[in-house]
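The primary structure of each chain is shown beneath.
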Amino acid sequence: MSPATAFSRVRAVARRSVRALGAGPMSTATARSAAALGGAVLRVAAPGVAVLGEAARSVAALGGAVLASAVLASALLSQVAHAEAPGPQTDWSGGGGVPGPVASFGDEFDSGTLAWSSLPGQLALPSATRATFPKVILTPDSDRPTRLAIADIDADGHQDIIVTDPLISPFDPNNRRGGIYLWRQVAGAWTRTSITEDFFGAWYVDAVDLDLDGDLDLIASAYYGEIDPPPPPPSERNGRYAWFENLDGVGGAWEKRELGELFWGARWIDAADLDGDGDLDLAGCAELVGGPYEADAFVVWFENVDGQGEEWIQHDISLDFDNAFAIYAADIDGDDDVDLFVSGYDRFEWFENLNGSASSWTRHVISPVFQGAGYLDIGDLDQDGDIDIFGGGLNTGVLAVWLNDGTGLGWSAFIVGPFTRGYNVDLADFDGDGDLDAVASGESSTTTSKVAYAENLGSGSAWSLHYADNLAPSSPWVRAGDVDRDGKLELVASFEDSYNVGVQLAAYTVTDFGADGSLESSILDGGAGVAWGAITWDADVPSGAALDIDVRASNDTMDLGPWVPVPTNGTQLGALVDPAARYIQYRVVMTGAAADESPVLRELVLESVVPASVDGEAVASLESAAILTTGPALPNPSRASTVVTYELTTPSRVRVTVHDAAGRELAPLEASVVDAGRHEVTWDGLDRDGAKVPAGTYFIRVQANHEAATRRVVRLP
């Protein structure tokens, strides 16, 4: 999935919280996405979990929903465990509407017009749809790529391309048996390395941090075995699911771990915490394509028993969903657990996770007659906090959306535009306006295909459809990704090139950057006795463009005073504002120089120190580590109070908070300057409003200066 889509799922459920967020890709979705912990979903083909999260990701769903991609859950949980507070901000993808004051910057801000959701982890100028869609050929020869994903596999800050090659013929001169390949830019040129050449029938692939170790792994399905061999089928040539562990964290070494076999026609795989135990499980679907073999199950999920992806238990969900094409994990009905959405050749349905543990499912029909339903995508298209559907069919002749009433039981359909023989779609916020747009691929003739871009006009029910290419090579597959590193998303396509047209991987530019934009941060509460240090940032600014930073500060949140320009990166804030002012806010102003260039801001840091003392000892600077150690949460699981202990080697500013599985802060437990030594903090199972939280998985985060630790807590009913 694309980096953007996983992320829409995050915001979909986030809208059910105190503020309304926009929907867009996580690094499609896709955050999607995107890991799903404690009832959230990660669907990521993201530019790294370090966007994550497309998987997207991709990508988190607040209130226990989807990290839309991965994407993503994994990405947010990583933030919860390692974010530096109070001053740095490295992500704005949570959206606007949070004026503050806040104790630390998260992924939200007050207001602004800059693009914050297209590529989580950065700010850039917004963009608008082009009149024409220029194409750049990335790789003129990449065998026959069938499917692709986009993610930052090597953690260099730039998106890579992962493709599958099923190797239809068993008589390959190089003895390959189906492969997955990684394309990345080296010195400006795309180069290919092999992830595996021993995965016969390699079909779908996506990126997700499956073992939650901080880097992106791959999940994949192999579609077929040898064509109708005599039974029993060879074990190496039949459909199956697998994940590939990124052993060195940069995509240089991989280990394949297969989950099952005899899934004849395995089409799709997605990652999510289906049973609510805090790790990522896998869900897959397969179709019956004829011959003497049938799939073990058409819809199935695999339980991640050890949490590390080394031991799995297969659970069958449906044995009668013929011709299943795609499967996505998401909270369809808004009950804070992960359901499954499945599309087939002539319909699409969703399976309700009845008790949150994935042990019991109820099947719901969304569209019983949708001929050639094929490959759809899901996300919050109308920005109302629930999961909607976008897609087309092989024989329907249109692209369409289905908007969810929030329960998963009522759907409203709208036509996007004419589109025959649809293959696949991908959701992402291409123009940076906070809502999800789409790209689509389909067949034009027996030898050519088409790719298109659909701009969401804001409501999810009205769209502007643009054909980017009507005479592309055959068998297309599209994703959203920033492969030219300009700070905005392109339509990235793979083609099997069955008729030797000559292009395998290409990128289409669908938007141009606008002239200017700005964004105002949430007001940051430095606490009593704060002393502000330097302001620094990490950004790229093209020649002729401009990126300006302004600040203002005071002890009154209602009157922060005038904006003061920051002359240079690294300026001491005390030279601009009252260095002892408790509250501070920054503003980013960007101006472009060309339609294909934009300033890109990745990080902004407000340094601070606390000059107060505790028992005569000076409190360490927030820029230094406190050497924090924590004990286990006890008792755990618990219906009553839970106690976490921590120990400090130096007096430190300590903040202890409770978060849900998607990363949302539920309750502050402590915020003060604390002596060196051993301390404990108690959580009574209540949120900040004094309401009892529902049963589920939560995280208590202890932060001392720049060091942080997190302990998982399970609340019983």
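The structure reproduced in this document is the subject of the present report. (Residues numbered from 1 in each chain as written. Predicted model: local features only at pLDDT ≥ 70, side-chain atom pairs only at ≥ 80, totals over all residues. Heavy atoms only, no water.)

In this model, the second largest cavity occupies a volume close to 40 Å³. Classifying every residue of the lining of the second largest cavity gives five nonpolar, three polar and one charged. (1 Å grid on protein atoms, 1.4 Å probe; cavity = no way out; pocket = protein on both sides within 12 Å on 5 of 7 lines; lining within 4 Å. Points joined across faces, edges and corners; volume = space filled by probe spheres on them. Nonpolar A, V, L, I, M, F, W, Y, C, P; charged D, E, K, R; others polar.)

Below, the discussion takes up the pattern of salt bridges. Summed over all chains, the structure comprises 19 salt bridges. Note that glutamate 349 is salt-bridged to arginine 363, the shortest N-O span being 2.4 Å. Of this pair, glutamate 349 sits in strand 20 (residues 348-353) while arginine 363 sits in strand 21 (residues 361-367), and the two are 14 residues apart along the sequence. Between arginine 582 and aspartate 525 there is a salt bridge, with the nearest N and O atoms lying 2.6 Å from each other. Taken together, the residues span a long stretch of sequence, with arginine 582 in the loop between strand 38 (564-565) and strand 39 (583-591) and aspartate 525 in strand 35 (residues 524-525) at a distance of 57 residues. On the basis of relative accessible area, aspartate 525 is assigned to the buried category, the value being 18%. Each of Asp198, Arg240, Lys256 and Glu258 takes part in one network of salt bridges that share partners. (Salt bridge = Lys/Arg side-chain N within 4 Å of Asp/Glu carboxyl O. Helix = DSSP H or I, 4+ residues; strand = E, 2+ residues; numbered from the N terminus. Buried < 20%, exposed > 50% of the residue type's maximum accessible area, 1.4 Å probe, protein only.)

The subject of this paragraph is the nonpolar core. Grouped together as the largest cluster of nonpolar side chains are 68 residues, with contacts concentrated most on Ile161, Trp268, Leu274, Leu282, Leu340 and Ile389. No other element matches strand 18 (residues 324-330), which puts seven residues into this core. Here isoleucine 161 is in contact with Leu138, Leu148, Ala149, Tyr181, Leu182, Trp183, Trp190, Val483, Val492 and Leu505, once residues within four sequence places are set aside. The next biggest cluster of nonpolar side chains, apart from the first, holds 34 residues, and it includes Val98, Leu123, Leu524 and Ile549. (Core = buried A, V, L, I, M, F, W, Y, C linked by side-chain atoms within 4.5 Å. Contact = heavy atoms within 4.5 Å.)

Spatial ordering of the open sheet is given by 14-15-16-17, a layout of four strands whose pairing is antiparallel. Only two strands of the sheet have a single neighbouring strand rather than two, namely strand 14 (266-272) and strand 17 (312-318). Adjacent strand axes in the sheet meet at a mean angle of 20° when their direction is disregarded. For strand 14 and strand 15 (residues 281-286), the ladder comprises six bridges, and the chain directions are antiparallel. From the neighbouring strand, aspartate 270 faces strand 15, where its bridge partner is alanine 283. (Pairing = 2+ DSSP bridges. Axes fitted to C-alpha atoms, helices over the stretch in contact; angles between N-to-C directions.)

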